[in-house]
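Residues per chain, in single letters:
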Amino acid sequence: MSHLNRRHFLGSTVAAGAALLGGLGRLTQAQTLSAAAELTPGLPAGLGSYVTMATLLGKKPLIQLADRPPNYESPLEYLRTPITPNDEFFIRYHLSDIPEIDAKTYKIAVGGDGANHQAEINFDDLKKMPAVEVVAVNQCSGNRRGLSTPHVAGVQWGYGAMGCARWKGPRLKDILDKVGVKAEAIEVGLNGADGPAVDKTPDFIKSIPLWKAMDENTIVAYEMNGQPLPHLNGFPARLIVPGWTGTYWMKHLTNIDVLTKPQGGFWMNPAYRIPVGRFPVRDRFITQENAISTPITEMVVNSLITSHRDGDKVKPGKVTVNGMAWDGGYGIRTVEVSTDGGKTWTTASLGRDRGRYAFRPWSFVLTAKKGKNTVTVNATNRIGQSQTAELIFNPAGYHNNVMQDITLNG
Ligand SMILES: Nc1nc2c(c(=O)[nH]1)N[C@H]1C(S)=C(S)[C@@H](COP(=O)(O)O)O[C@H]1N2
Ligand SMILES: [Mo]
């Protein structure tokens, strides 16, 4: 895009590597890498040897899984608060050419064959529109992919390809009202300012069904936790699709197209699809479905223990174990904990409800004994869906909501 001031991603990185690890003292390279690997508990043995920490401009150290395109996950420590700070939020890109955008010249082109008119919206226009705030979890479809057995291809995420923030901006439906939606419109197409550095990679273009675009919680956010969006989380503005996995949350949004035909392209098919009928999801994206596969939609109910890692030492006696639970927007009803391998379950106490799309904190007091204490956690949402005991295997490694099972050594 000619109106964008292109500065390439690599030019703006402070790829320091290991600022966090600096705090661990003077370590050899091998020790440094294995210390970093411990920040991603539960990953298959062998993966740790190439996991490293890196510090990007404006960010605290994140687990670097790839640099071009940038894929950085949040270590467990950053997921201990119900709102993930901007400088601790994970980063996921498919494309390496990520321009730095000047808000003064930034524009979103709104139109498409399903719109009555075309419009151009600049940053000031966005800020002048009535704004809403929504606290919502942004989780990559492939979060926990690295835990898949058998192993599947793709970025080997541990537990930290997610975060929860308070997002602010106008409703997408108010933007669509400016151009008028035709009766035959079915989807809304989305594009961002980033592009492929190598011509073979297809541009990252997505769509959502019209009904989800018109949802009052779907917004174009220019603020994240009361601040402008960090560059690598989508500055100046991105789409927020509460309840749905991160793939639809288009960053550096430049085009909104109302469509009368299904959006084509690699990132709609074959990418980001799940086998039909395999997962307990309710939101359907019918215009993109076929007999075998359908686009991923809402997140499945899930939870994460954030207070402890598998294998941690604890003092025998009372130990508070806590973490977060979330789902695709029904809200969390209960979180249950078992200390006998799933025979009996105790209800955890739930923390403040920040809305049905937000992380819901939970906590449980374990009476730890000497020796091994196992802790298993299972969240249930308000429509009665729970986590699974066994992985629902799929070739892309999506929707991993297997109950966590950790051992604490008393
Ligand atoms: N422009 C653009 N937007 C994008 C992507 C991308 O590659 N380019 N990746 C998507 C995916 S797959 C995810 S999981 C989220 C990640 O959001 P984050 O990087 O702010 O954490 O951004 C989404 N939006
Ligand atoms: Mo993603």
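To be clear, the structure that these remarks concern was listed above.
K.L.:
Lay out the overall build of the protein with the relevant residues and their values.
P.N.:
Along its length, the protein carries five helices and 25 strands. Burial analysis of the protein (410 residues in total) assigns 56% to the buried set. Of the contacts made within the protein by residues no fewer than 6 positions apart, 70% connect residues no fewer than 24 positions apart. Accessible area for the protein stands at about 16800 Å²; split by element, carbon and sulfur atoms hold 52% of it.

K.L.:
Can you tell me about the pairing of strand β18 (residues 302–305), naming the residues and giving the values?
P.N.:
Neither face of β18 is left uncovered, since the one carrying N302 and L304 and the one carrying S303 and I305 both have all their residues buried. Note that β18 and strand β19 (residues 317–326) share four bridges and pair antiparallel. The residue bridging N302 from the neighbouring strand is W326, located in β19.

K.L.:
Would you mind going over the pairing of strand β2 (residues 62–66) in detail, with residue names and values included?
P.N.:
Strand direction decides the pairing type here: strand β1 (residues 52–54) and β2, joined by three bridges, are antiparallel. The partner of M53 across the bridge, within β2, is I63. Pairing of β2 with strand β3 (residues 71–73) involves three bridges; the strand directions are antiparallel. Bridge pairing in β3 places Q64 opposite Y72. The antiparallel pairing of β2 with β3 creates a hairpin that spans four residues between the two strands.

K.L.:
Account for the site of ligand 1, with residues named and values stated.
P.N.:
Around ligand 1, a shell composed of 19 residues is seen, among which F90, D194, N233, R238 and K251 lie nearest. W249 is positioned with one of its backbone polar atoms (N or O) 3.0 Å from a nitrogen atom of ligand 1. Assessed atom by atom at 2 Å from the grid points, ligand 1 resides in the largest cavity. The residue makeup of the shell around ligand 1, split by class, is 10 nonpolar, five polar and four charged.

K.L.:
Which residues make up the nonpolar core, and what values go with them?
P.N.:
In this structure, L126, W167, I208, V220 and I256 are the most contacted members of the largest nonpolar core, which totals 62 residues. Counting residues per element, this core draws most heavily on helix α4 (residues 172–179), which supplies four residues. Membership of the second largest hydrophobic core comes to 19 residues, among which are V314, I332, V337 and L408.

K.L.:
Describe in detail the sheet that holds strand β7 (residues 131–139), supporting the description with residues and values.
P.N.:
Pairing is antiparallel across the open sheet formed by four strands, whose spatial order is β7-β8-β12-β13. Two strands in the sheet have a free side with no partner beyond their single neighbour: β7 and β13 (227–228). Bridge count for β7 against strand β8 (residues 162–170) is nine bridges, and the pairing is antiparallel. Along β8, the bridge assignment pairs V135 with R166.

K.L.:
Go over the layout of surface pockets, please, and point to the residues and values.
P.N.:
In this model, the largest pocket occupies a volume close to 420 Å³. For the largest pocket, the lining is made up of 23 residues, of which R145, A271, Y272, A396 and Y398 are closest to its centre. If one sorts the elements of the lining of the largest pocket by residue count, strand β16 (residues 273–275) sits on top with three residues.

K.L.:
Report on the pattern of salt bridges, specifying residues and quantitative values.
P.N.:
Evaluation of the coordinates by the stated rule reveals six salt bridges. Note that K60 is salt-bridged to E88, the shortest N-O span being 2.9 Å. Residue K60 is found in the loop between β1 and β2, and its partner E88 is found in the loop between β3 and β4 (91–92); the two are separated by 28 residues along the sequence. Notably, a salt bridge pairs E77 with R309, separated by 2.8 Å at the nearest N-O pair. Here E77 is found in the loop between β3 and β4, whereas its partner R309 is found in the loop between β18 and β19, with 232 residues between them in sequence.

Rules used throughout
Residues numbered from 1 in each chain as written. Chains lettered and ligands numbered in written order. Predicted model: local features only at pLDDT ≥ 70, side-chain atom pairs only at ≥ 80, totals over all residues. Heavy atoms only, no water. Helix = DSSP H or I, 4+ residues; strand = E, 2+ residues; numbered from the N terminus. Buried < 20%, exposed > 50% of the residue type's maximum accessible area, 1.4 Å probe, protein only. Contact = heavy atoms within 4.5 Å. Areas by Shrake-Rupley, 256 points an atom, 1.4 Å probe, with all protein chains shown as cover. Pairing = 2+ DSSP bridges. Near = heavy atom within 4 Å. Polar contact = N/O pair within 3.5 Å; in protein donor to acceptor, adjacent residues only side chain to side chain. 1 Å grid on protein atoms, 1.4 Å probe; cavity = no way out; pocket = protein on both sides within 12 Å on 5 of 7 lines; lining within 4 Å. Sits in = over half its atoms within 2 Å of the grid points. Nonpolar A, V, L, I, M, F, W, Y, C, P; charged D, E, K, R; others polar. Core = buried A, V, L, I, M, F, W, Y, C linked by side-chain atoms within 4.5 Å. Points joined across faces, edges and corners; volume = space filled by probe spheres on them. Salt bridge = Lys/Arg side-chain N within 4 Å of Asp/Glu carboxyl O.

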